[in-house]
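Residues per chain, in single letters:
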Amino acid sequence: MRVERYASLDLTKPNGTRVRLGTCDFAGTLTVTDEALFRQALKQGIGPAKGFGCGLLLCERAEA
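Residue numbers here run from 1 along each chain, matching the order of that chain's written sequence. Side-chain atom pairs in this predicted model are given and counted only at pLDDT of 80 or more, local residue features only at pLDDT of at least 70, and totals for whole chains, interfaces and linings cover all residues. Side-chain descriptors were evaluated using all non-hydrogen atoms of the structure, hydrogens and water having been removed beforehand.

Asks: How would you sum up the pairing of strand β2 (residues 18-27)? Please name residues and give values.
Replies: Any two strands with at least two DSSP-identified bridges between them are counted as paired. Counting from the N terminus, the helices are the DSSP runs of H or I reaching at least four residues and the strands are the DSSP runs of E reaching at least two. In the sheet, strand β1 (residues 2-12) pairs with β2 via ten bridges, with the strands oriented antiparallel. Among the inter-strand pairings, V3 is bridged to a residue of β2, identified as F26. In this structure, the hairpin formed by β1 and β2 is closed by a connection of five residues, where G16 is found at a positive phi of approximately 95°.

Asks: Which residues make up the pattern of salt bridges, and what values go with them?
Replies: The term salt bridge refers to a pairing of a side-chain nitrogen on Lys or Arg with a carboxyl oxygen on Asp or Glu at a separation within 4 Å. Following the criterion strictly, the structure yields three salt bridges and no others. The closest approach of N and O atoms between R5 and D25, which form a salt bridge, is 3.1 Å. One end of the pair, R5, is in strand β1; the other, D25, is in strand β2, with 20 residues separating them in the sequence. Between D10 and R20 there is a salt bridge, with its nearest N and O atoms 2.9 Å apart.

Asks: Which residues make up helix α1 (residues 35-44), and what values do they have?
Replies: Pairs of N or O atoms within 3.5 Å make up the polar contacts considered here, provided that, within protein, one atom can donate a hydrogen while the other can accept it, and that residues adjacent in sequence are counted only when both atoms are side-chain atoms. Looking at where α1 begins, the residue whose side-chain oxygen comes 3.2 Å from the main-chain nitrogen of A36 is D34. Trailing α1 by a residue or two, G45 shows a phi angle of about 85°, which is positive.

Asks: Explain the state of the cysteines residue by residue, including any values.
Replies: When the sulfur atoms of two cysteines come within 2.5 Å, that pair is taken as a disulfide. One pass over the full model with this rule turns up zero disulfides. In this structure C59 is not part of a disulfide, and its nearest cysteine sulfur, from C24, lies 15 Å away.

Rendered as structure tokens:
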């Protein structure tokens, strides 16, 4: 796996609370061992920052 990009963002929630959010784009090979759990992650996203647009997964089939 390799990190393609890392960014740190300073954001303000609607209630005025300031938060610092780190994002990371990475590439690598994933082996799925639980298909149902993997499908759920693809549909719902992962991690606690989904409300900020993070946690989205883009997966492509590996070339044979």
